Amino acid sequence: MGIRERLSGNEAIAIALKQINPDVMGAFPITPSTEIPQYFSQYVANGEVDTEFIAVESEHSAMSTCIGASAAGARAVTATSSAGLALMWELLSVAASARLPITLACVNRALTGPININCDHSDSMGARDTGWIQLYSESNQEAYDNMLQAMRIGENSKVMLPVMVCQDGFITSHAIENIELLETEKVKAFVGEYNPENYMLKKENPMSVGAYATAAYYMEAKRAQAQAMIDAKEVILKVAAEFEKVTGRKYGLFEEYMMDDAEEAIVAIGSTAGTAKEAVNMMRKEGRKVGLIKLRVFRPFPMKELAAALSHVKAAAVLDKAESFSACGGPLFAEVRSALYDCGTRPLMVNYIYGLGGRDVMVENILYVFESLKEIAAAGKAGETYRYLGVRE
Amino acid sequence: MSYNLKEEVQKAERFSGGHRMCAGCGSPVAVRSVLRALKPEDKAVVCSATSCLEVSTFLYPYTAWKDSFIHSAFENAAATISGAETAYNVLKKRGKIDETYKFIAFGGDGGTYDIGFQSLSGAMERGHDMVYVCYDNEAYMNTGIQRSSSTPHFSDTTTSPAGTVIPGKKQVKKDLTKVIAAHNVPYVAQTTFIGNFKDISEKAHKAIYTPGPAFLNVMAPCPRGWRYPAEDLMEITKAAVETCVWPLFEVIDGKWILNYTPKKKLPVEEYLKKQGRFSHMFKKGNEWMIEAYQAEVDRKWEDLLFNCSRA
Amino acid sequence: MSLKAKDINESTPWRDMTLGCAIFEPMTSAAVNTGNWRTMKPSFIEEKCKQCLLCVPVCPDCAIPVKEGKRTDFDFFFCKGCGICYKVCPFDAIEFKKDDKREV
């Protein structure tokens, strides 16, 4: 049951897409996501999929072809990173507002300035307000599993929103780890076919997409989009429950690792959660009551659920692998902190910006964070909330 | 299959009135002509770049289009239609649809010569079975008449005003039709509205029904931007053709074909004098502008004659 | 439940608007009266008309309907009074005057 393999994160995504056999892929290379369209092109060339691959001339055109294809009635996918996602930025909100369930594999890489090819979350975090569903993956297994669930989420008639499946560039995308794949027939049975109610190539009626809407209509369109994002949460959980039945692997909005009696906790996204689990295990052996929350679903943001999971904790550190340049902290910190605002009891909370531009984060760094949380809890004061981890001061 | 206007205009309209284009706008005249070239039994997907055409023909909840229509952004009509065309191919291959669809993108000169240039070039190069129609009104009209690379030399626009120091647009008009011909696509044509619309109709038909990428560059005058009385549309296009400012030609599989040689090539003044955007060229002391303009038209005309003379 | 375009207006609540502001019907702009833009108005002098049909394709607003191979009177619901047809007619079968705004 299941196929045991050893794959990089990029290979895992490529294989997931091979098994899904989408209608159209329009993609442009950019490190470290390049391998995805490369592997996929090989599948196309060898007839292992009958997807039409469009070798577009830029990422802006990659998203444009996905929009055209999806509106026409096709299941469309793409992959990108960093500046490529940035170049698509204008169209991300077009795709979401047109309610097109496009799937994008985002291999997280730092946004330029200075140009850097390594991992951080500034690319997908920079797109957090575009209306895309955003799922983050800790490992190649999670990237694969998230990709299999993405279309069931996005294409649900209550949702009809595009989905971004994120994984850490190089750290996850290029490192080979064990993975369990699902058999292709089971993938196809789970993912199903894309059958939109209306599409441009529908025989019975035409469709005009991409209206000019005056101030009299724009806000209602956005309200409807907002509702879809609200409704997506339940769909995400339902799809995860179904996925668990098929694979035995459980997914939620976030993973709680040793949180039940935790007094100090860290909130993190992506591969660093794996490093953090090591640190948690080490501290637990020493009798420290520490835990970790690894956020999987950033959009829609699970405000209530996170508040419930964190409110009992004495001190918490939110790790951000991206700056938001608010001068007060990173994007995850702002949203987690806001989630706890209404709680009667809530932890003292600080933010650590870490891992920018691929800066390595080790177990020692996480242990350091837990030490600082211990001091904060003892002092009963958070002190400086906006902190950097692993930068040369 | 010779052209018959009566037959053509009896075809059911695929474009409705009630759109918000200015009275006398050349763009919807181009759209109607191109869509008329579709066989009635064929369906189409039309894409428009952000432009006068787009905002005026799909203002929620009113769409002027009978066929499916998509607008996504300003610079990507060609890429967007490429995606729709690819979806068609794969869904047909997979047995999900069985009708015949044609794929037509419309862009103004802004969305074609300038910001849309890259995605147009990409789509042409990839070989999609599509038509890209540029309705060329020689400036960014939707935002209020700013210069584009298609704006003619000396033309007065809001970002190339005819001032006391600089006399309008400094650069000559970009020859986009030639650039697209250099992409070696099966069919490229330059056209406008003349007489019984034979030229544009036959070219639109060839563009749509030649497999592979096709490009049509249609001069589509704008009464506001060019500053002429709206009723004079057909006089403007005729003057453009008779002065060789806008020659009518095709490039079919790399072979250049001249479709019309004026019996008497008129001096460019006959075209320029009709339009307020060129009126400063007629001021005393500005004769050199008309001379320069004439020289450029003559150079391009000779160049075109040479290309068409090659076997 | 989303409404048909003709029932959508500036009082429509968000739930009743169409998904993604797409429209699932053809040519809904046919409901829009652009005839009220006119300051000038053409008139069709049928006796002079030789049915050459040269006026039909020049109209930006599809305001010269053709029935059974012949042009009929102007569709004044759409006609914006641009006058291109008037200029193009070789037989003076179209007159062009100030619109006295008496008819719709």
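Residues numbered from 1 in each chain as written. Chains lettered and ligands numbered in written order. Predicted model: local features only at pLDDT ≥ 70, side-chain atom pairs only at ≥ 80, totals over all residues.

A. Main features of the overall build of chain C. From N to C terminus, chain C includes one helix and four strands. Along chain C, helices and strands appear, N-terminal first, in the series β-β-β-α-β. Taking 104 residues into account, the globule formula puts the C-alpha radius of gyration at 13 Å, and chain C, at 18 Å, lies well above it. Overall, the C-alpha framework of chain C stretches about 55 × 30 × 15 Å when taken along its three principal axes. A buried classification covers 43% of the 104 residues belonging to chain C. Of the contacts made within chain C by residues no fewer than 6 positions apart, 60% connect residues no fewer than 24 positions apart. (Helix = DSSP H or I, 4+ residues; strand = E, 2+ residues; numbered from the N terminus. Rg over C-alpha atoms; globule rule 2.2 N^0.38 Å. Buried ≥ 20, exposed ≤ 12 C-beta atoms within 10 Å, placed from the backbone. Contact = placed C-beta atoms within 7 Å.)

B. Just the overall build of chain B, in detail. Secondary structure summary: chain B contains twelve helices and ten strands in total. Against the globule reference of 19 Å for 311 residues, chain B gives a C-alpha radius of gyration of 19 Å, in line with a compact fold. Taken along the three principal axes of its C-alpha coordinates, chain B extends 70 × 50 × 40 Å. With 311 residues in all, chain B has 60% of them scored as buried. A sequence separation of at least 24 residues applies to 69% of the contacts in chain B between residues at least 6 apart.

C. Region of interest: the nonpolar core. Counting 263 residues, the largest nonpolar core has Ala72 and Val267 of chain A, Ala84 and Val133 of chain B together with Cys55 of chain C as the members making the most contacts within it. Aside from chain neighbours lying at most four places away, what touches alanine 84 of chain B is Gly68, Ala69, Ala71, Ala72 and Met200 of chain A together with Val45, Cys47, Ile70 and Phe103 of chain B. (Core = buried A, V, L, I, M, F, W, Y, C linked by C-beta atoms within 7 Å.)

D. Expanded view of the pairing of strand β15 (residues 348–353) of chain A. All names here are of chain A. Within β15, five of the six residues are buried, which leaves the element mostly enclosed by the surrounding structure. Summarising the sheet, strand β14 (residues 315–320) and β15 pair through six bridges and their orientation is parallel. By the bridge assignment for β15, alanine 316 is matched with methionine 349. The parallel pair β14 and β15 is bridged by helix α11 (residues 331–339), and the resulting crossover is right-handed. (Pairing = 2+ DSSP bridges. Right-handed = clockwise from strand over helix to strand, strands pointing away.)

E. Structural view of the sheet that holds strand β3 (residues 52–55) of chain A. Residues and elements named next belong to chain A. Here we have seven strands laid out as an open sheet, ordered β3-β2-β4-β5-β7-β6-β13, and mixed in their pairing. Two strands close off the open sheet at either side, each with one partner strand: β3 and β13 (297–299). Taking each pair of neighbouring strands and ignoring which way they run, the sheet shows an average axis angle of 20°. Relative to strand β7 (residues 163–168), strand β6 (residues 133–136) is paired through four bridges, and the arrangement is parallel. Bridging from a neighbouring strand, isoleucine 133 pairs with valine 163 of β7. Here helix α3 (residues 59–72) sits on the sheet and contacts β2 (24–27), β3 and β4 (76–80); the angle it forms with β4, its principal contact strand, is near 165°. (Axes fitted to C-alpha atoms, helices over the stretch in contact; angles between N-to-C directions.)

F. View of the sheet that holds strand β1 (residues 43–48) of chain B. Pairing within the open sheet is mixed, and its nine strands lie in the order β9(A)-β4(B)-β1(B)-β5(B)-β6(B)-β8(B)-β7(B)-β9(B)-β10(B). Edge positions in the sheet fall to β9 (208–209) of chain A together with β10 (255–258) of chain B, since each of these pairs with one other strand and no more. Two strands pair when backbone bridges link them, and β9 of chain A and strand β4 (residues 68–70) of chain B are joined in this way by two bridges, in the parallel orientation. Among the inter-strand pairings, serine 208 of chain A is bridged to a residue of β4 of chain B, identified as phenylalanine 69 of chain B.

G. Spotlight on the interface of chain B and chain A. Taken together, the contact between chain B and chain A spans 38 residues of the former and 36 residues of the latter. Mapped by element, the contributors of at least two residues to the side of chain B that touches chain A are β1, α3 (52–57), β2 (58–59), β4, α4 (77–93) and α6 (117–126) of chain B. Element by element, the count of residues in the side of chain B that touches chain A is highest for α4 of chain B, at 13 residues. Looking at side-chain class alone, the side of chain B that touches chain A contains 19 nonpolar, 13 polar and six charged residues. (Nonpolar A, V, L, I, M, F, W, Y, C, P; charged D, E, K, R; others polar.)

H. Quick peek at the interface of chain A and chain C. Counting residues at the interface gives 18 residues for chain A and eleven residues for chain C. Those elements that place two or more of their residues in the side of chain A that touches chain C are β9 and α8 (218–247) of chain A. Per-element tally for the side of chain A that touches chain C: the top contributor is α8 of chain A, with four residues. Of the residues in the side of chain A that touches chain C, the class split is eleven nonpolar, four polar and three charged.

I. Representation of the pairing of strand β5 (residues 103–108) of chain A. Residues and elements named next belong to chain A. Among the six residues that make up β5, six are buried, leaving the element largely enclosed by the rest of the structure. In this view, the connection linking β4 to its parallel neighbour β5 by way of helix α4 (residues 82–97) has right-handed handedness. Note that β5 and β7 share six bridges and pair parallel. The partner of cysteine 106 across the bridge, within β7, is cysteine 166.

J. Expanded view of the packing of α4 of chain B against α6 of chain B. Residue and element names in this part refer to chain B. In the contact formed by α4 and α6, the axes pass within 7 Å of each other and the chain directions differ by 35°. Across from Ala78, Ala79 and Ser82 in α4, the residues of α6 making contact are Ser119, Leu120, Gly122, Ala123 and Arg126. Classifying every residue of the contact of α4 with α6 by side-chain character gives four nonpolar, three polar and one charged.

K. Structural context of the confidence of the model for chain C. In this model, chain C carries a mean pLDDT of 95, and residues with pLDDT of at least 70 account for 96%. In the predicted complex, the global pTM is 0.97; the interface-specific ipTM is 0.97. (pLDDT = per-residue confidence, 0-100.)

L. Quick peek at α3 of chain A. Here α3 of chain A contains 14 residues, and its C-alpha end-to-end distance of 20 Å stays within 8% of the 20 Å for a straight helix at 1.5 Å per residue. Directly beyond the C-terminal end of α3 of chain A, a positive phi value near 120° is found at glycine 73 of chain A. (Expected span 1.5 Å × (residues − 1).)

M. Here's a closer look at the packing of helix α9 (residues 272–285) of chain A against helix α12 (residues 363–379) of chain A. All names here are of chain A. Relative orientation of the contacting elements α9 and α12 amounts to 60°, with a least axis distance of 8 Å. Here α9 lies oblique to α12, going by the angle between them. As for how α9 packs across α12, the hand of that crossing is right-handed. Contact residues: α9 offers Thr275, Ala276, Glu278, Ala279, Met282 and Met283, while α12 offers Val363, Ile366, Leu367 and Phe370. (Parallel < 35°, antiparallel > 145°, perpendicular 65-115°, else oblique. Left-handed = near helix turned anticlockwise from the far one by under 90°.)

N. Quick look at the environment of proline 32 of chain A. All names here are of chain A. For proline 32, the position within the fold is in the loop between β2 and α2 (35–45). We classify proline 32 as buried; it has 26 C-beta atoms within 10 Å. In this structure, the C-alpha to C-alpha distance between proline 32 and alanine 69, residues 37 residues apart in sequence, is 25 Å. Dropping the residues within four chain positions of it, proline 32 is found in contact with Ser81, Val107, Arg109, Ile117, Gly169, Phe170, Ser173 and His174.

O. Seen up close, α4 of chain B. Compared with the 24 Å implied by 1.5 Å per residue over 17 residues, the 24 Å span of α4 of chain B between its first and last C-alpha is a close match. Glycine 95 of chain B, located one to two residues past α4 of chain B, shows a positive phi value of around 75°.

P. Unusual backbone geometry, seen in detail. The omega angle of the peptide bond from threonine 31 of chain A to proline 32 of chain A is -5°, so this bond is cis rather than trans. Along the chain, tyrosine 60 of chain B connects to proline 61 of chain B via a cis peptide bond; the corresponding omega equals 0°. By the secondary structure assignment, proline 61 of chain B is in the loop between β2 and β3 (62–63). Backbone geometry at asparagine 184 of chain B places phi at a positive 55°, although glycine is not the residue there.

Q. Representation of the environment of alanine 105 of chain A in the model. Residues and elements named next belong to chain A. Checked against the element boundaries, alanine 105 lands in strand β5. For the pair alanine 105 and leucine 135, spaced 30 residues apart in the sequence, the C-alpha separation amounts to 9.9 Å. Setting aside its immediate chain neighbours within four residues, alanine 105 contacts Ile13, Ser33, Ile36, Ala79, Met147 and Val165.

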